[in-house]
Amino acid sequence: MNKTGKFLGIILMLLLGILLLSFAFQPPKVFTFSNGYSDRIVCSLVGGFLLLAGVMNIFHREK
């Protein structure tokens, strides 16, 4: 994979992780279906995983 694609993938993972974590703490009023605590837990788990994956990809060394 070229460097531009890798860089864009890392940026997208980090942005989606931050967005999902912000939805976990303050869900937007537009999404009427995300009022329960289970949706907040899922958003925080997936957002945390995406942030962790993005940070791990930043420090990944290619062979």
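Structural data are supplied above this passage.
## Structural notes on the overall build of the protein chain
Scanning the protein chain from terminus to terminus reveals two helices and zero strands. Counting over 63 residues, the protein chain shows a buried share of 17%. Contacts in the protein chain between residues far apart in sequence, at least 24 positions, make up 68% of those at least 6 positions apart.

## Side note on the packing of helix α1 (residues 3–25) against helix α2 (residues 37–58)
When two helices pack together, you describe them by how their axes are tilted relative to each other and by the distance separating the axes. Relative to each other, α1 and α2 sit at 155°, their axes nearing to 7 Å. Classified by the angle between their axes, α1 and α2 sit roughly antiparallel to one another. The chirality of how α1 crosses α2 is left-handed. A breakdown of the residues in the contact of α1 with α2 according to their chemical character gives 17 nonpolar, six polar and two charged.

Rules of the game
- Residues numbered from 1 in each chain as written.
- Predicted model: local features only at pLDDT ≥ 70, side-chain atom pairs only at ≥ 80, totals over all residues.
- Heavy atoms only, no water.
- Helix = DSSP H or I, 4+ residues; strand = E, 2+ residues; numbered from the N terminus.
- Buried < 20%, exposed > 50% of the residue type's maximum accessible area, 1.4 Å probe, protein only.
- Contact = heavy atoms within 4.5 Å.
- Axes fitted to C-alpha atoms, helices over the stretch in contact; angles between N-to-C directions.
- Parallel < 35°, antiparallel > 145°, perpendicular 65-115°, else oblique.
- Left-handed = near helix turned anticlockwise from the far one by under 90°.
- Nonpolar A, V, L, I, M, F, W, Y, C, P; charged D, E, K, R; others polar.

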